[in-house]
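Geometric and topological summary
The primary structure of each chain is shown beneath.
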Amino acid sequence: MTLKIYGIAASRASRPLWVAHELGLAHEHIPLSYQGGATRTPEFLALNPNGHIPVVDDDGVLVWESMACALYLAGRFQGEGAEPLAAVNHAEQAEILRWSFWAVTECEKDALTFLMHTVAMPEERRKPQLAQEAERRLLPALRVLDQHLQIRRFLAGERFTVADICVASVLAWVQRSAELEAQCPRVSAWLARCLDRPAQQQVRALARRDSGRNL
Ligand SMILES: N[C@@H](CCC(=O)N[C@@H](CS)C(=O)NCC(=O)O)C(=O)O
């Protein structure tokens, strides 16, 4: 198998895995955990010197950074009989790039704080105030996306693309936010549509198998 995806599905490896499942790509999944030292071995550091999952190894071409992995796979492969996830024109490419970078720079940190302090960490370590503050900081950005979705079903073009995967992968962490549902109903509905997709369900099943947590 020449395409390998390293990282348990209950991690940011879910992003390239989601792309691979959408496109029906033949790949080997190596469910390496980010705990227990597996990402600090010399063998793994040769793949990603940052010591993080995910890593994509496409026949010797190494990609790390989860969004880069997702964007790379979508651009590199066309699934058999599948709609393209990558841009088919420069206007779509502009949307895909801007929303993917937007998710990482404007949303990811606060979305992770919300997730950790609502469900992901053991209850005794959670600080509800940190979750509330993160939720409040996120809302202005989420309203921008809500506005964008006023006349669209998807983020770029008229179909589901890798932009939806990149952004939904981050916003899945705030899916339980009551404020998101109340203040950004279009984001909430779009997110539910994305997370209902069969490929995403398959990745979630892998995540449950790996650890029962979905970071
Ligand atoms: N910005 C990186 C973050 C990667 C990252 O932090 N991955 C976590 C798992 S979700 C990890 O490998 N943590 C182990 C560690 O940092 O030691 C990306 O998006 O790929």
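Let us look at the structure shown here. Every chain is numbered on its own, with residues counted from 1 as its sequence reads. Only residues with pLDDT of at least 70 get local features here, since the model is predicted, and only at 80 or more are side-chain atom pairs given and counted; chain-wide, interface and lining totals rely on the full set of residues. Water and hydrogen atoms were dropped before computing side-chain values, which therefore reflect all heavy atoms in the structure.

1. Looking at helix α6 (residues 162-171)
In this scheme, a residue with accessible area under 20% of its type's maximum is buried, one over 50% is exposed, and one in between is partly exposed, where area comes from a 1.4 Å probe on protein chains only. Helical segments are the DSSP runs of H or I of at least four residues, strand segments are the runs of E of at least two, and each set is numbered from the N terminus. With ten of ten residues buried, α6 lies mostly within the body of the structure. Buried residues of α6: V162, A163, D164, I165, C166, V167, A168, S169, V170 and L171, and no others. Any pair of residues with heavy atoms lying within 4.5 Å of one another is described as a contacting pair. Buried residues along α6 sit in contact with α1 (14-23), α3 (66-76), α4 (90-120), α5 (128-148) and α8 (185-195).

2. Considering the sheet that holds strand β3 (residues 55-58)
Across a sheet, paired strands are connected by hydrogen bonds in the backbone, their directions being either parallel or antiparallel. Pairing is mixed across the open sheet formed by four strands, whose spatial order is β2-β1-β3-β4. Taken across any chain shown, the strands that pair with only one partner, and hence form the sheet edges, are β2 (28-30) and β4 (61-64). Pairs of neighbouring strands in the sheet enclose a mean axial angle of 15 degrees, with direction left out of account. In this analysis, strands are considered paired if DSSP registers two or more bridges between them. Bridging between strand β1 (residues 3-6) and β3 involves four bridges; their strand directions are antiparallel. Across the sheet, the residue bridging to I5 is V56, located in β3. Lines fitted to the C-alpha atoms define the axes, with helices restricted to the stretch that makes contact. Angles between their N-to-C directions range from 0 to 180 degrees. Across the sheet, α3 lies against β1, β3 and β4, angled at about 135 degrees from β4, the strand it touches most.

3. Considerations on the site of the ligand
Throughout this document, a residue counts as near a molecule or strand when at least one of its heavy atoms sits within 4 Å of that molecule or strand. Residues in contact with the ligand, as listed here, are S11, R12, Y34, R40, G51, H52, I53, P54, E65 and S66. I53 is positioned with one of its backbone polar atoms (N or O) 2.9 Å from a nitrogen atom of the ligand. Residue-level accessible areas treat just the shown protein chains as cover; the underlying method is Shrake-Rupley with a 1.4 Å probe. Coverage of the ligand by the protein chains reaches 79% of its 510 Å² of free accessible surface. Using a 2 Å cut-off from the grid points, one finds that the ligand occupies the largest pocket. The classification used treats Ala, Val, Leu, Ile, Met, Phe, Trp, Tyr, Cys and Pro as nonpolar, Asp, Glu, Lys and Arg as charged, and all other residues, Gly among them, as polar. The class makeup of the residues in the shell around the ligand is three nonpolar, four polar and three charged. Two N or O atoms form a polar contact when they lie within 3.5 Å of each other; inside protein one atom must be a possible hydrogen donor and the other a possible acceptor, and for residues adjacent in sequence the pair counts only when both atoms belong to side chains. Cavity means a closed set of points on a 1 Å grid over the protein atoms alone, one where a 1.4 Å probe fits but cannot get out, pocket means an open set with protein on both sides within 12 Å along at least 5 of 7 lines, and lining means a residue has an atom within 4 Å of a point. Each molecule is assigned to a cavity or pocket provided more than half of its atoms lie within 2 Å of the corresponding grid points.

4. Topic: the pairing of β4
Across four bridges, β3 lies against β4 in antiparallel orientation. Its bridge partner being in β4, V56 is matched across the sheet by V63. Taking the residues that link successive antiparallel strands as the turn, the β3-β4 hairpin has two residues, and the phi of D59 there is positive, at about 50 degrees.

5. Details of the pattern of salt bridges
Salt bridge criterion: a side-chain nitrogen from Lys or Arg within 4 Å of a carboxyl oxygen from Asp or Glu. Taken as a whole and assessed by the stated rule, the structure comprises eight salt bridges. The shortest N-O distance in the salt bridge between D110 and R137 comes to 2.8 Å. Here D110 is found in helix α4, whereas its partner R137 is found in helix α5, with 27 residues between them in sequence. Owing to a relative accessible area of 13%, D110 belongs among the buried residues under this scheme.

Spatial relationships are all this shows, so hold off on functional conclusions.
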